[in-house]
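Each chain, written out:
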Amino acid sequence: MSTAGAGGGRASRGGRGRTARAPLSRERVIRAAVAVADEKGSAALTMRAVAAPLGVEAMSLYHHVSGREDLLDGMVDAVFAEIDLPSGEVDWKEAMHRRAHSARAALRRHPWAVSLLDSRAHPGPATLRHHDAVIGALRGGGFSVVMTAHAFSLIDSYVYGFVMQELSLPFGDAAEVDEVAGAILREMPADAYPHLAELAAAHVLAPGYDYAEDEFAFGLALILDALRPDEVDG
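Everything quoted here is computed from the prediction, not taken from an experiment. (Residues numbered from 1 in each chain as written. Predicted model: local features only at pLDDT ≥ 70, side-chain atom pairs only at ≥ 80, totals over all residues. Heavy atoms only, no water.)

S.K.: Any details on the environment of V34? Residues and values, ideally.
M.R.: Mapped onto the elements of the fold, V34 is located in helix α2 (residues 26-40). Sequence separation between V34 and H110 is 76 residues; the distance between their C-alpha atoms is 8.0 Å. The residues contacting V34, other than those within four sequence positions of it, are M75, A78, H110 and W112. (Helix = DSSP H or I, 4+ residues; strand = E, 2+ residues; numbered from the N terminus. Contact = heavy atoms within 4.5 Å.)

Below is the structure:
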């Protein structure tokens, strides 16, 4: 018997030559759902669309998730798990700074999640752990309960809002900003819109300008500098 024949026999005895498939689990289902949403958006998220890359029938998913809403709960929790938790080793401002940048990065990776992060009525463990850590960092920094709520809401409103605006812009990196803004500036009669022309030429098209990084950092610093621990337990 040839070695090829022997190998074929082993493959056959091992399951008719089929590649072993990892067992289906809730974690695998959630990961597949996140991948589908990343590629096609949450509107394309159906049980069939999630089942296809897993190589199973849609009905098999119901052993691990109860339906689309449960799927969304798990997906949102997975995104929160990617956001760095505030560290107790730094002061509250640095902790909020790092957490805001991490949250923005996670939302850029998963654009569909921006409108869903705070929409779930059944938050998962990663979501609760994240919220608790943010609150703990602010409380540990001297914020009262009431001021902690104000600060948390303000920071998240800025981060979520900035990401939504950032994702809707007709450019991505600094090179595309130059291309788009330069084209607009060339086609625009400067004498009709002098202030817009000035801003574009002196700021947007300035060497080294990066809209996303520069403007996000400026706004976040402004917010964090304005917040003050009130050191009174609300």
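Next comes the rest of the description.
S.K.: For helix α9 (residues 194-204), give the residues involved together with the corresponding values.
M.R.: What sets the pattern is the α-helix's 3.6 residues per turn: residues three or four places apart point alike. Along α9, the residues that are buried comprise A197, A200 and V204. Along the axis of α9, the buried positions cluster into a sector of 105 degrees, meaning they face one direction only. Opposite the buried face of α9, by more than 90 degrees, sit the exposed residues H195, E198 and A202. (Buried < 20%, exposed > 50% of the residue type's maximum accessible area, 1.4 Å probe, protein only. Arc of directions from axis to C-beta.)

S.K.: Break down the confidence of the model for the chain for me, citing the residues and quoting the values.
M.R.: When pLDDT is averaged along the chain, the result is 87, and 88% of the positions lie at 70 or above. For residues 1-15, every residue scores under 50 in pLDDT, and the model assigns this stretch 4 contacts once sequence neighbours within four places are set aside. (pLDDT = per-residue confidence, 0-100.)

S.K.: Go over the packing of helix α6 (residues 125-140) against helix α7 (residues 145-168), please, and point to the residues and values.
M.R.: At their nearest, the axes of α6 and α7 sit 9 Å apart, and the two run at 120 degrees to each other. Classified by the interaxial angle, the pair formed by α6 and α7 is oblique. Of the two possible hands of crossing, α6 and α7 adopt the one that is right-handed. Of the residues in α7, those touching α6 at H130, H131, V134, I135, L138 and R139 are V145, T148, A151 and F152. The class makeup of the residues in the contact of α6 with α7 is 6 nonpolar, 3 polar and 1 charged. (Axes fitted to C-alpha atoms, helices over the stretch in contact; angles between N-to-C directions. Parallel < 35°, antiparallel > 145°, perpendicular 65-115°, else oblique. Left-handed = near helix turned anticlockwise from the far one by under 90°. Nonpolar A, V, L, I, M, F, W, Y, C, P; charged D, E, K, R; others polar.)

S.K.: Tell me about α7, residues and numbers included.
M.R.: Look at α7: 35 Å from first C-alpha to last across 24 residues, which is about the 34 Å you get at 1.5 Å a residue. For α7, every residue scored as buried is listed here: T148, A151, F152, I155, D156, Y158, V159, Y160, F162, V163 and E166. The inward-facing, buried residues of α7 abut α4 (68-82), α5 (92-109), α6 and α10 (211-226). (Expected span 1.5 Å × (residues − 1).)

S.K.: Could you give me a rundown of the pattern of salt bridges, with the residues and numbers involved?
M.R.: Taken as a whole, this structure holds 11 salt bridges when the rule is applied. In this structure, E27 engages R31 in a salt bridge whose closest nitrogen and oxygen atoms are separated by 3.2 Å. Of this pair, E27 and R31 are both found in helix α2, 4 residues apart, which corresponds to roughly one turn of the helix. Taking the relative accessible area as the measure of exposure, E27 reaches 55% and is therefore exposed. Salt bridges sharing partners connect three or more residues here, namely R104, R108, E166 and E213. (Salt bridge = Lys/Arg side-chain N within 4 Å of Asp/Glu carboxyl O.)

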